[in-house]
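Given next are the chains, with one letter for each unit.
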Amino acid sequence: MTMQHLLSIEDLDRAGIERIVEQAARFAEVSDREIKKVPALRGRMVLNLFYEASTRTRSSFELAAKRLSADVVNFAASGSSVEKGESLKDTVLTLSAHKPDAIVLRTPWAGAAELVSKWCSAAIVNAGDGKREHPTQALLDVYTLRSRLGELDGASIWIIGDVAHSRVARSNIIAFQRMGAKVTVAGPPTLIPRGIEALGCDVRFTLDELPSADVVYTLRMQRERMSETWVPSLREYASWYQVNGKRLSPRQVLMHPGPVNRGVELSGEVVDSPQAVITAQVEAGVVVRMAVLYELLAGASAPSTSPSSGRPEAAGAAIGERQPA
Amino acid sequence: MAANPLVHGPQQPADMLLRDVHVLDPRAGVDGRHDVRVRAGEIAEIAPPGTLAHQPDEELLEGQGRRLLPAFFDPHVHMRTPGHEHKEDLDSGTRAAAAGGYAAVLAMPNTDPVLDSAPLLRSLRDTAAREARISIGFLPCITRGLQGEQLTEMAELRQEGAVGFTDDGMPVQSAGMLRKALQYQRLCGGVIALHEEDPTLSRGGCVHEGVVSAALGIGGIPTISESTMVARDAALAGYEDARVHFQHLSCVASVDAVAHAKAQGWRVSTEVSPHHLLLTEQDVRSMDTRMKMNPPLATEADRQALIEGLRSGTIDCVATDHAPHAREEKEVPFEQAPMGTTGLETAFAALYTGLVLPGVLDLKLLVERMTAGAQLFELPTPHVVPGELANLTLVDLDAEWVAGERGWESRSENCCFAGRKLHGRVLLTLSGGAVVYRERAFSVVGA
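Residues numbered from 1 in each chain as written. Chains lettered and ligands numbered in written order. Predicted model: local features only at pLDDT ≥ 70, side-chain atom pairs only at ≥ 80, totals over all residues.

Undergrad: I would appreciate a short explanation of the overall build of chain A in the present structure.
TA: Across its full length, chain A carries 11 helices and nine strands. The C-alpha atoms of chain A give 20 Å as radius of gyration, which agrees with the globular expectation for 325 residues (20 Å, within 12%). C-alpha atoms of chain A, sized along the principal axes, occupy 60 × 50 × 35 Å. Burial analysis of chain A (325 residues in total) assigns 46% to the buried set. Contacts spanning at least 24 positions in sequence make up 74% of the contacts within chain A whose residues lie at least 6 apart. (Helix = DSSP H or I, 4+ residues; strand = E, 2+ residues; numbered from the N terminus. Rg over C-alpha atoms; globule rule 2.2 N^0.38 Å. Buried ≥ 20, exposed ≤ 12 C-beta atoms within 10 Å, placed from the backbone. Contact = placed C-beta atoms within 7 Å.)

Undergrad: What exactly am I supposed to notice about the overall build of chain B here?
TA: Helix and strand counts for chain B stand at 14 helices and 18 strands. Since a compact globule built from 447 residues should have a radius of gyration of about 22 Å, the 21 Å found for chain B is in line with a globular shape. Principal-axis analysis of the C-alpha atoms places the extent of chain B at approximately 65 × 50 × 45 Å. Counting the 447 residues in chain B, one finds 61% classified as buried. Put simply, of all contacts in chain B between residues at least 6 apart along the chain, 76% involve residues at least 24 apart.

Undergrad: What is the right way to read the environment of Asn 126 of chain A from this model?
TA: All names here are of chain A. Tracing the sequence through the fold places Asn 126 in strand β4 (residues 123–129). For Asn 126, a count of 29 C-beta atoms within 10 Å puts it in the buried group. Considered as a pair, Asn 126 and Leu 6 are 120 residues apart in the sequence and their alpha carbons are 6.0 Å apart. Those residues in contact with Asn 126 that sit more than four places away from it in its chain are Leu 6, Leu 7, Ser 8, Leu 105, Ala 113, Glu 133 and Pro 135.

Undergrad: Can you walk me through the nonpolar core in this structure?
TA: A general trend in soluble globular proteins is that nonpolar side chains are found buried together. Of all hydrophobic cores here, the largest spans 239 residues; its most connected members are Leu 139, Ile 159, Val 288 and Leu 293 of chain A together with Tyr 102 of chain B. Counting residues per element, this core draws most heavily on helix α10 (residues 278–297) of chain A, which supplies 11 residues. Discounting chain neighbours no more than four positions away, the residues touching Val 288 of chain A are Ile 20, Val 21, Ala 24, Thr 136, Leu 139, Leu 140 and Tyr 143 of chain A. (Core = buried A, V, L, I, M, F, W, Y, C linked by C-beta atoms within 7 Å.)

Undergrad: Can you walk me through the domain arrangement of chain B in this structure?
TA: Size of an interface, as often reported, equals the accessible area lost when the parts are brought together. All names here are of chain B. Domain parsing of chain B yields domain 1 (16–68 + 387–438) and domain 2 (70–376). One C-alpha centre belongs to domain 1, the other to domain 2; they are set 26 Å apart. Between domain 1 and domain 2, the contact holds 31 residues from the first and 44 residues from the second. For the side of domain 1 that touches domain 2, the secondary-structure elements that each account for two or more residues are β1 (16–25), β16 (392–402), β17 (421–431) and β18 (434–438). (Domains from an automatic or database assignment.)

Undergrad: Honestly, helix α13 (residues 363–371) of chain B in this entry has me stumped. Any pointers?
TA: In an α-helix, one full turn covers 3.6 residues, which means residues spaced three or four apart are oriented alike. Counted residue by residue, α13 of chain B has seven buried out of nine residues, so it is predominantly covered. Leu 363, Leu 366, Val 367, Glu 368, Arg 369, Met 370 and Thr 371 of chain B are the residues of α13 of chain B that are buried.

Undergrad: How do you make sense of unusual backbone geometry when you look at a structure like this?
TA: When glycine is set aside, most residues are seen to have a negative phi, and most peptide bonds are trans. All names here are of chain B. A cis amide bond, omega 5°, links Thr 81 with the succeeding residue Pro 82. Considering the arrangement of structural elements, one finds Pro 82 in the loop between β6 (72–77) and α1 (90–99). In this structure, Pro 113 follows Asp 112 across a cis peptide bond, with omega equal to 5°. By the element assignment, Pro 113 lies in the loop between β7 (102–107) and α2 (118–131). Positive phi outside glycine occurs at Arg 80, with the angle close to 60°. As for its position among the elements, Arg 80 is in the loop between β6 and α1.

Undergrad: Help me understand the domain arrangement of chain A, please; the structure alone is not making it clear to me.
TA: All names here are of chain A. Along its sequence, chain A is organised into domain 1 (9–134 + 283–320) and domain 2 (136–280). Using C-alpha coordinates to define each centre, domain 1 is positioned 27 Å away from domain 2. Every contact between the two is made by 24 residues of domain 1 and, on the other side, 22 residues of domain 2. Elements represented by at least two residues in the side of domain 1 that touches domain 2 include exactly α1 (14–31), β4 and α10. Top contributing element to the side of domain 1 that touches domain 2 by residue count: α10, with six residues. Here the side of domain 1 that touches domain 2 is built from residues that sort into 10 nonpolar, four polar and 10 charged. (Nonpolar A, V, L, I, M, F, W, Y, C, P; charged D, E, K, R; others polar.)

Undergrad: Would you mind showing me how to read the pairing of strand β2 (residues 71–76) of chain A here?
TA: Remark: a regular strand shows side chains that alternate across the two faces of the sheet. Residue and element names in this part refer to chain A. Note: strand β1 (residues 45–50) against β2, six bridges, orientation parallel. Each residue of the ladder has a partner; that of Leu 47, found in β2, is Val 73. Where the polypeptide runs from β1 across helix α2 (residues 56–67) and back to β2, its parallel neighbour, the crossover connection is right-handed. (Pairing = 2+ DSSP bridges. Right-handed = clockwise from strand over helix to strand, strands pointing away.)

Undergrad: Just to check I follow, could you spell out the sheet that holds strand β9 (residues 253–255) of chain A for this structure?
TA: The strands making up a sheet associate through backbone hydrogen bonding, with each pair oriented either parallel or antiparallel. All names here are of chain A. Strand order in the open sheet made by the five strands is β7-β6-β5-β8-β9, with parallel pairing throughout. Each edge of the open sheet is held by one strand with a lone partner, namely β7 (202–204) and β9. Averaged over all pairs of adjacent strands, the angle between their axes in this sheet comes to 20°, without regard to strand direction. Sheet topology places strand β8 (residues 215–218) next to β9; three bridges connect them, and they run parallel. Its bridge partner lying in β9, Val 215 is registered against Val 253. (Axes fitted to C-alpha atoms, helices over the stretch in contact; angles between N-to-C directions.)

Undergrad: Looking at this structure, I do not really get the interface of chain A and chain B. What am I missing?
TA: Counting residues at the interface gives 21 residues for chain A and 18 residues for chain B. Mapped by element, the contributors of at least two residues to the side of chain A that touches chain B are α3 (88–96), α4 (112–119) and α6 (167–178) of chain A. If you tally residues by element for the side of chain A that touches chain B, the top one is α4 of chain A, at three residues. Grouping the amino acids of the side of chain A that touches chain B by side-chain chemistry returns nine nonpolar, five polar and seven charged.

Now the structure itself:
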């Protein structure tokens, strides 16, 4: 199976997800070296096109591309022609003139990655499209969990908080289930979208059954939701849905996509607890995104015009030297 | 003395013999093959097939048993004029209507400026008298500037030819405001057409609230946004004994509310669009912006209720809600795109293909519902009987075509049926006694 774009986590079956996280594991080896670079994507160009503020995702993609020796161009919508009224299509057509091999795209609009994939020949990586999906987050979460738990088959994973506005939730519901886990979403009824159960997950409005979870995945509670009266107050939200020392059991793994609101969705003590794998998630971000870029640009479908030093064989050898069994 | 509510551009009355056409006029009780002669724009003779002799000063068209129908009436189109002529104007919009077999349409007032004063209406009707290919009527606003705060000068607008009133695109949010309009209707008449939506429920949404909105992470519009307003306004109409028309019904609960209102004897009527009869939220999964309309496409259960409502008569007529948008306006991410689909050129073929061919609806009933809008708005209904002005549509039910394959008459191409294989094609349309559309491949035989 060759992949042209990563638009949705639905583009990947279980084998595809496994292939990427296994490749990420090989790249993790590279990250431990003194020289953290491989020449896999030398001469290739990765364009980060971000219509929304993002520090961790963008820097993680940038780092991933650089570790693969690709050239990286960052294009942020603010301060650009976008503010002069240029449409997404025209921006993409203009930037395509620079012939990027991959475009990493973050926008506030669902489906934007699909659209862009029709307008240019670059491989498109969806780095978040509105409230819909964030597939590389799901991949790095699967990677992180597998490092901690091994296979996810049969694991009970609870995703807690503002599911309605969370692209992370949607991608993770799909990805975790593809890996064999059972997913429950929990949160205030105003923030659990009607119809979400059609994705195959269970729905709970309290954390009463949280002790049955193997993994507790909390979402960021955005402060702007308060002004729209989705919940009466952060205080009430915290009292019902905050994951804290009383609610988290020592055998559970705690995850969060960041940035954390300490004292809201998580208490400070659990953020700093050994159950929390939040920094491991950030670390995984780089290697997983390396694997995604590698899959898209150095796979069988890659154009043969790249210089020989950047060919996949060379990269494979460079990694293969220290490849674990 | 009020002006004639329908206007059209300069027309050449037709003289033609339609030989051996299958006339289907549900109201006239005609369903069989005939020769039909049109003289000076009037239906002059209807006789058994092959019996009328071709006269040298008339055009001869060989019908070969194709269906000749009373031309359609659309009570809900957006002609985008004035202000948004890059999407549509009175020429392109009425050309699209003619190509769809329509003899008359009613245009909505959410233009720029909005149609809320007599001078604007006069100017627009003047333009229509130069440009409109078919008959067109206008529904000015209920409230000034579509603001929902102050009535337009409804009586003067009626004198200038307003067919009725609507704030389409926007609901009249305040019940008290709408009640005043309904009371004032006693003075000036004119059907009040209502776009039903509670913005406190629909805000932030752009697709039906349900499994697809949940999966796509796109804000949902719950059906109660429409149905609660239909129920409220039906009750207001009942209380004031006013005449209201509910626009573009989209869900089970709204159909139920209308059925209840009709059972009470309240003077309400309603319409449904081809897209709500044929598509559902599942068609939105692709995030094709042509599938983005207001009200949004709902569930299969809603669709079935709309079909049943149309069959039973709870829903009185079909209206396209033809809503053109320029390519660059629709070629954006789904959430950014404006709402609306074009529909005039595909309505008959889409409904014939989707509902009549599979046996869901009778062709006779479809024709009845596609022409019923005229009477609802107190306008003459076209009949295929001698002495009537020729408002006729000739369709080839066997013709297969792909929607959009040969472009569009409309200036815009945002049609939700684009690319679909359709059966049934309009070959010829007469409006007000004149030929207003002729399918290019439909060859002229005589004269």
